Amino acid sequence: QVQLVESGGGLVQAGRSLRLSCAASGSIFSINFMGWYRQAPGKQRELVAGITSGASTNYADSVKGRFTISRDNAKNTVYLQMNSLKPEDTAVYYCKFRSIYANDYWGQGTQVTVSS
């Protein structure tokens, strides 16, 4: 049974930083893609940042220059460094791992709240 455990969310003031972590436990083979998504109330879940096994990254336009995604393959862990946070970044953040067999695994979500 694969589980993704997220940590690092919380309440911060605008302009401050947070770092999210997501670690996989259990047997998970050949992770191809790791990503962070978020869902704000009344909105659809959106991709915030992704990173492939080859370390190629992509970001939503709204977070470019402020957020950085990174991964530690040996630890099956992905991170999201979030700087210069804005109130509009407030959402539940989810991590997702995709294996080379196209199996998706989701974390339980962690709340990020940015106050103005």
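Enquirer: How should the overall build of the protein be read in this particular structure?
Expert: In terms of helices and strands, the protein carries zero helices and 11 strands. Element order for the protein, N to C, with α for helix and β for strand: β-β-β-β-β-β-β-β-β-β-β. With the principal axes as the frame, the protein shows a C-alpha extent of 40 × 25 × 25 Å. Counting only contacts in the protein whose residues sit at least 6 apart along the sequence, the fraction spanning at least 24 positions is 53%. As displayed, the protein has an accessible area near 6200 Å², and 46% of this comes from carbon and sulfur atoms. Computing the positive centroid from 12 side-chain charges and the negative centroid from 7, the protein places the two 2 Å apart.

Enquirer: I keep staring at the nonpolar core and nothing clicks. Help me out?
Expert: Nonpolar side chains tend toward joint burial in soluble globular proteins. Within the largest apolar cluster, 29 residues are counted, with the highest numbers of intra-cluster contacts made by Trp-36, Phe-67, Val-78, Leu-80, Met-82, Tyr-93 and Phe-97. Put simply, the parts of the chain that give this core at least two residues each are strand S3 (18-25), strand S4 (31-39), strand S5 (46-52), strand S7 (67-72), strand S8 (77-82), strand S9 (91-99) and strand S11 (110-115).

Enquirer: What is the right way to read the packing of aromatic side chains from this model?
Expert: The relative placement of two aromatic rings is captured by the distance of their centres and the angle of their planes. Scanning the entire structure with this criterion turns up one aromatic pair. Over the ring of Tyr-94 we find Arg-45, and its NZ or CZ is 3.7 Å from the ring centre. Above the ring of Trp-106, the side-chain terminus of Arg-45 is found at 4.8 Å from the ring centroid.

Thresholds, definitions, all that
Residues numbered from 1 in each chain as written. Predicted model: local features only at pLDDT ≥ 70, side-chain atom pairs only at ≥ 80, totals over all residues. Heavy atoms only, no water. Helix = DSSP H or I, 4+ residues; strand = E, 2+ residues; numbered from the N terminus. Contact = heavy atoms within 4.5 Å. Areas by Shrake-Rupley, 256 points an atom, 1.4 Å probe, with all protein chains shown as cover. Lys, Arg positive; Asp, Glu negative; His and termini not counted. Charge placed at Lys NZ, Arg CZ, Asp CG, Glu CD. Core = buried A, V, L, I, M, F, W, Y, C linked by side-chain atoms within 4.5 Å. Buried < 20%, exposed > 50% of the residue type's maximum accessible area, 1.4 Å probe, protein only. Phe/Tyr/Trp six-rings, centres within 6.5 Å; stacked < 30°, edge-to-face > 60°. Lys NZ or Arg CZ within 6 Å of the ring centre and 35° of its normal.

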